[in-house]
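Geometric and topological summary
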Amino acid sequence: MKKILVAIFAISLVPNISFAGPKAEVLHWWTSGGEAKALSVLKADFADKGGEWTDMPVAGGGGDAAMQTLKARIVAGDAPAAAQVKGPAIQEYDDQGVIKPYNIDAVAKAEGWDKLVSKQVAQHMKCNNFTQYCAAPVNIHRIDWFWANKSVLDSNGIKMPTNWNEFNAAADKLQAAGIIPFAHGGQPWQDATVFEAVALGIGGNDFYKKAFIDLDQKALSGSTMVKVFDQMRKLKSYTDAGSPGRDWNVATGMVMDGKAAFQIMGDWAKGEFSAKGLKPGKDYYCSPTPSNSGYLYNVDSFVFYNVKGADKLEGQKLLASLIMGKNFQKVFNMYKGSIPARLDVSMADFDDCAKKSNADLNAASKAGGLMPSYAHGMALKGAQSGAITDVVTEHFNSNMSSKDAAKKLAAAVKASL
Amino acid sequence: MPNKKNLSRVFLFLILGLFVFYYITPLYVMIVTSLKTMNEIRDGNLFSLPNTINFDAWKIAWAGRGEGTSDTYLKPYFWNSLKITIPALLISTLLGAINGYALTKWKFRGANLIFLLFLFGTFIPYQAILLPMARTLGFLGISNSPIGLILVHTVYGLGFTTLFFRNYYVSISDEIIKAAKVDGAGFFKIFFTILLPVSLPILVVTIIFQFTQIWNDFLFGVTFSFGEHAPLQVALNNMVLTSASVKYYNVDMAAAIMAGLPTLIIYILAGNYFIKGLTAGSVKG
Amino acid sequence: MDWLKKNLPKIVVAPSFAVLLWFVYGFIAWTFYVSLTKSKLLPNYEFWGIHQYIRLWQMPRWHIAVENLFIFTTLFIILCIFIGVVLSIFLDQKIRSEGFLKTIYLYPMALSFIVTGTAWKWILNPTMGIEKFVHQLGFESFQFDWLVTPGMSIYTIVIAGVWQSSGFIMAIFLAGLRSIDDEVIKAAKVDGASTLSIYLKIVLPMMRPVFMSAVVILVHLSIKSYDLVIALTAGGPGISSDMPAVFMTKMAFGRSEIGLASASAIMMFATVSAIIVPYLYSELRREQDAK
């Protein structure tokens, strides 16, 4: 009897080393609609491979609410395994030391990510002075699109403008015909979206880089920037009275109904058209805003924080690998309206706007016009992009002169550094 | 005389009616929108009635579209909110009542200063305390549990509950209390036998306020709870605030009304307890 | 045992007070310290003097937010209390539909403002809501576009805010009215006083503590105003309806400027206290003297 008891006692002392499988707590704000559907692909893949996904969905404030939750967890010493963070914010977190030792870099090296995504995308995903992968890219959104109502354009004899002067002429014609030329939702991020598309088009690719990536004071306050603000002022005159505060999809609705002709919005606007059963080329046009092979991109990604526990580390590795998987990249992006970050995914099943986006991406990359969007957090840290947006939205919603706006822009950026 | 009374009655109802209009209009818009289809909403007029009464949006808001993990809907989160709201409400109300009682009927040195400090604390902007609170909860080991939220809501409700009860009790005459003390009644005896029975109106007010504040809270809920433990408002926000995808306004409106129903029910029930004359005579010396 | 009995009141209040000291004043102290550091994305404790305050006051957006806080809070308090008092007095007049009316006035507080904000946004939008509706009735020249006018958008926030909270103020005044002894009013009526003067000269002065509660609640709600602003105007058009709570959240969590956000929190807290605390103190003094 004693021997049995000792045996049982001894066995109970052996630590339970078996873990149930890879675990991942994932913070994100894709909480409903097409976005949630897209994410569920990843959840399903993860479960298929034996992983346990703990969802942390937090919508609101363009990600502000999610950032609250994330920072609270980090400060409490309990970061989630993965969080939806993109752009320079990734490197900002790395600077605070909460990401190393870059658990997923091993997976990235083993799978050869450097060859699977473009160099620019890869740079965004790396930490430790851009040497080690710490985030996985999910998609590429294009920001600088025109969405236009085909029948409105056709019946007014208007072709898609290839430069901003043509746009202004077309807008004048439409206004005379009693149609709202430019449907716009007056919220700061939308003002910023329009602003950067205009800046890319009027100033050109190098100008965009100087102003919004290098934050060159001369570019920010110079005469080209003044021209950009001039065009913004013109665009304002083409909007209707109810535009301030309007949600972006209500503005898209105006284009769908033929009340308005054009909207400038990222490729997710496609979803609204599809939901109403409208087809590109037949009912509406999707066309890049005028520029010189420019392309403003936004790469959504998941960053992997420093966590402890074998199951969590396994979970991160599995998740990273799945995100870069061909199947996920294809299906996710078909739901989300963006295009794959991974270069070797077939575009055959995607819609025409997506195909165009992909073709333009390659062209822009070759022409040096592939630019990270400032308005959507890819080019700058939050403090700088916020400062720029404050000036842009103030100018758009007041009588501020373009010269003053440019001056203020340079000053605001300086103060935010 | 009767004419004058009638005139003032008419005036009374006119004013009350005008205000009803002001208060009801947004609810009307919300209800009407929740009963329309998305195409009707896109095409139509804000104030127009729906073509047919359509409860689909309500069903989706409550139980989702049956798409499994890709959907947020309200049902699972109701219980979370109850689990958090009721304990926090009860504890903060009880403590507030006792505090208010102690600070007014058992004057001790510094009682007014302490009261002032409680009041002063209600002006703290909640955004400022999120990070230190996260640290504290992490340290206490309750950072990912409903107990953490119960603690947070109780703590930040104390200022108000103390305020309500203290200001109510201060208007209640001291004579009866003094008499009871002379008769030898102790601290708690006086509280439960004399003050509590006449506290109904303020109890109702406190419960209404606390329930609303805790049930409707989003800030604390989103920062200190995660995933399936989240309270209702976090789920509601997740449903309503899509970033780059189609907004189903009818579902949003239906969901908001449903999320507000428990609070509304409390209001309706509590309203019955605003009984006049409850305190007449027995309190004013 | 006697010591216990003697100090029971203090002992009873002690736990709440201890909690207050840590979770309110301790955290304020932490926030104050962080406001003196260079904290950006996450708190760091490197001392930086008052630089954050200097940066704060150099931001036009902060100036706008503070101004809006004053405008909003003042109007919010005056209107809520006025409406609350009027409605509570009217409801106190023995009306049959009292329960129903009370619920109508109270329900706005029950609903999440994220969604009611969308409804209000539509209602106040000139191309969708009231202005369009009145135009359709034939009054083409009617204008109600405050929502989309930079200088006026803050007033739409007042309209929605008052809508949301005045019902509760009515409720606490009603509770206060109900706690007033009938005898006092009867005696005054016997003396020949009119209803109006009874209310103005006797009842309302007896409600001083209720006024104090109302002011404290309204100031608190005003400082907290985040959902209200975001849902209705998102701080716009442009940044014209920005408010300190929105500013703080944006800076701390959207722009990784935690030090700056902390400075703004301390400023808010200090400003509000500087104005409200004297009021509270004088009310407490007055009570003391009256006894």
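1. Overview of the overall build of chain C
Looking only at helices and strands, one finds 13 helices and zero strands in chain C. Helices and strands in chain C line up, N terminus first, as α-α-α-α-α-α-α-α-α-α-α-α-α. Across its three principal directions, the C-alpha atoms of chain C cover 80 × 70 × 25 Å. The buried share of chain C, taken over its 291 residues, is 51%.

2. A short note on the overall build of chain A
The helix and strand tally for chain A stands at 20 helices and 14 strands. A compact globule built from 417 residues should have a C-alpha radius of gyration of about 22 Å, and chain A, at 24 Å, falls within 12% of that. Buried residues in chain A amount to 59% of all 417 residues. Sequence-distant contacts in chain A: of pairs separated by 6 or more residues, those separated by 24 or more amount to 79%.

3. Observations regarding the interface of chain B and chain A
Between chain B and chain A, the contact holds 29 residues from the first and 36 residues from the second. Secondary-structure elements contributing two or more residues to the side of chain B that touches chain A are helix H6 (126–140), helix H11 (219–224) and helix H12 (232–240) of chain B. Per-element tally for the side of chain B that touches chain A: the top contributor is H6(B), with six residues. Split by residue class, the side of chain B that touches chain A holds 11 nonpolar, 13 polar and five charged.

4. Quick look at the nonpolar core
Ranked by internal contacts, the top residues of the largest apolar core, which has 319 residues, are Val303(A), Phe304(A), Ile323(A), Leu409(A) and Ala255(B). A total of 15 residues in this core trace back to one element, the largest contributor, which is helix H7 (residues 153–178) of chain C. Phe304(A) has contacts with Ala81(A), Ala82(A), Asn103(A), Ile104(A), Cys134(A), Ala135(A), Gln316(A) and Ala320(A), leaving out every residue within four places of it along the chain.

5. So, the sheet that holds strand S9 (residues 180–182) of chain A
All names here are of chain A. If you walk across this open sheet you meet the four strands as S9-S10-S8-S11, and the pairing is mixed. Only two strands of the sheet have a single neighbouring strand rather than two, namely S9 and strand S11 (284–288). Strand-to-strand twist of the sheet, defined as the mean angle between neighbouring strand axes without regard to direction, takes the value 20°. As paired elements, strand S8 (residues 145–149) and strand S10 (residues 260–265) share four bridges and run antiparallel to each other. Counted as the bridge partner of Trp 145 is Met 265 from S10. Set on the sheet, helix H14 (residues 248–257) makes contact with S8, S9 and S10; between it and S10 the angle comes to about 145°.

6. Brief notes about the domain arrangement of chain A
Residue and element names in this part refer to chain A. Under the domain assignment, chain A is made up of domain 1 (24–141 + 298–360) and domain 2 (145–293 + 381–416). The centre of domain 1, based on its C-alpha atoms, is set 29 Å off from the matching centre of domain 2. Of the residues lining the interface, 15 residues belong to domain 1; the matching set on domain 2 comes to 12 residues. For the side of domain 1 that touches domain 2, the secondary structure elements donating two or more residues are helix H4 (88–95) and helix H18 (352–367). When residues of the side of domain 1 that touches domain 2 are assigned to their parent elements, the largest contribution, five residues, is made by H18. Residues that form the side of domain 1 that touches domain 2 fall into these classes: three nonpolar, seven polar and five charged.

7. Quick word on the environment of Thr193(B)
With respect to the helices, strands and loops of the structure, Thr193(B) is situated in helix H9 (residues 187–195). With 44 residues separating them along the chain, Thr193(B) and Asn237(B) place their C-alpha atoms 44 Å apart.

8. Concerning the interface of chain C and chain B
One frequently used descriptor of interface size is the decrease in accessible area upon assembly of the parts. Opposite the 79 residues of chain C that make contact, chain B presents 80 residues. Here the element with the most residues in the side of chain C that touches chain B is helix H1 (residues 2–35) of chain C; it accounts for 15 residues. For the side of chain C that touches chain B, the residue count by class is 56 nonpolar, 15 polar and eight charged.

9. A word on the packing of helix H5 (residues 111–121) of chain B against helix H7 (residues 146–170) of chain B
Residue and element names in this part refer to chain B. In the contact formed by H5 and H7, the axes pass within 8 Å of each other and the chain directions differ by 130°. Taken together, the axes of H5 and H7 lie oblique to each other. Classified by chirality, the crossing of H7 by H5 is left-handed. Counted together, Phe 115, Phe 118, Leu 119 and Gly 121 of H5 and Leu 158, Gly 159, Thr 162, Leu 163 and Arg 166 of H7 form the full contact between these two elements.

10. Observations concerning the sheet that holds strand S14 (residues 370–372) of chain A
The strands that make up a sheet pair up through hydrogen bonds in the backbone, lying either parallel or antiparallel. All names here are of chain A. Strand order in the open sheet made by the three strands is S7-S12-S14, with mixed pairing throughout. On the outer flanks of this sheet lie strand S7 (141–142) and S14, each paired with one strand and no other. Pairing of strand S12 (residues 295–298) with S14, which is carried by three bridges, proceeds in the parallel orientation. Residue pairing in the sheet places Tyr 295 in a bridge with Leu 370 of S14.

11. Examining helix H4 (residues 98–106) of chain C
Listed in full, the buried residues belonging to H4(C) are Leu101(C), Lys102(C), Tyr105(C) and Leu106(C). What you see down the axis of H4(C) is that its buried residues fit within an arc of 130°, all on one side.

12. A few points about the environment of Val222(B)
Residues and elements named next belong to chain B. Structurally, the position occupied by Val 222 is in helix H11. A tally of 25 C-beta atoms within 10 Å means that Val 222 is categorised as buried. Sequence-wise, Val 222 and Leu 137 are 85 residues apart; in three dimensions their C-alpha atoms are separated by 14 Å.

13. Quick notes on the environment of Gly186(B)
Residue and element names in this part refer to chain B. Checked against the element boundaries, Gly 186 lands in the loop between helix H8 (174–182) and H9. Accessibility expressed as a C-beta count within 10 Å gives 11 for Gly 186, which makes it exposed. A C-alpha to C-alpha distance of 51 Å links Gly 186 and Leu 18, two positions 168 residues apart in sequence.

14. What about helix H2 (residues 33–48) of chain A?
All names here are of chain A. Compared with the 22 Å implied by 1.5 Å per residue over 16 residues, the 23 Å span of H2 between its first and last C-alpha is a close match. Among all positions in H2, only Gly 33, Gly 34, Glu 35, Ala 36, Lys 37, Ala 38, Leu 39, Val 41, Leu 42, Asp 45 and Phe 46 are buried. The elements touched by buried residues of H2 are strand S1 (23–28), strand S2 (52–57), helix H15 (270–275), helix H16 (310–323) and helix H17 (326–336). Just beyond H2, the residue with positive phi is Gly 50, at close to 85°.

15. Quick word on the confidence of the model for chain C
On average, residues of chain C score 87 in pLDDT, and 100% of them reach the 70 mark or higher. The ipTM, which scores confidence in the relative placement of chains, is 0.84 for this predicted complex, and the corresponding pTM is 0.87.

16. Things to note about unusual backbone geometry
With an omega dihedral of 20°, the bond running from Lys100(A) to Pro101(A) counts as a cis peptide bond. As for its placement among the helices and strands, Pro101(A) is situated in the loop between H4 and helix H5 (105–111). The backbone of Phe130(A) sits at a positive phi, close to 60°, despite the residue not being glycine. Counting through the fold element by element, Phe130(A) comes out in the loop between strand S4 (126–127) and strand S5 (132–133). Phi angles above zero are rare outside glycine, and Ser256(C) is one such case at about 50°. Here Ser256(C) shows up in the loop between helix H12 (244–254) and helix H13 (258–290). On the basis of neighbour count, Ser256(C) is assigned to the buried category, with 25 C-beta atoms found within 10 Å.

17. Some points on the pairing of S11(A)
If a strand is regular, its side chains alternate between the two faces of the sheet. All names here are of chain A. Counting buried residues along S11, four of its five residues qualify, which places the element largely inside the surrounding structure. Relative to S11, S8 is paired through five bridges, and the arrangement is antiparallel. Within S11, the position partnered with Trp 145 by the bridge is Pro 288.

18. What to know about the pairing of S10(A)
Residue and element names in this part refer to chain A. Where burial is concerned, most of S10 is hidden: six out of the six residues are buried. In this structure, S9 lies alongside S10, joined through two bridges in parallel fashion. Paired with Phe 182 across the two strands is Phe 262, which belongs to S10.

The rules behind these values
- Residues numbered from 1 in each chain as written.
- Chains lettered and ligands numbered in written order.
- Predicted model: local features only at pLDDT ≥ 70, side-chain atom pairs only at ≥ 80, totals over all residues.
- Helix = DSSP H or I, 4+ residues; strand = E, 2+ residues; numbered from the N terminus.
- Buried ≥ 20, exposed ≤ 12 C-beta atoms within 10 Å, placed from the backbone.
- Rg over C-alpha atoms; globule rule 2.2 N^0.38 Å.
- Contact = placed C-beta atoms within 7 Å.
- Nonpolar A, V, L, I, M, F, W, Y, C, P; charged D, E, K, R; others polar.
- Core = buried A, V, L, I, M, F, W, Y, C linked by C-beta atoms within 7 Å.
- Pairing = 2+ DSSP bridges.
- Axes fitted to C-alpha atoms, helices over the stretch in contact; angles between N-to-C directions.
- Domains from an automatic or database assignment.
- Parallel < 35°, antiparallel > 145°, perpendicular 65-115°, else oblique.
- Left-handed = near helix turned anticlockwise from the far one by under 90°.
- Arc of directions from axis to C-beta.
- Expected span 1.5 Å × (residues − 1).
- pLDDT = per-residue confidence, 0-100.

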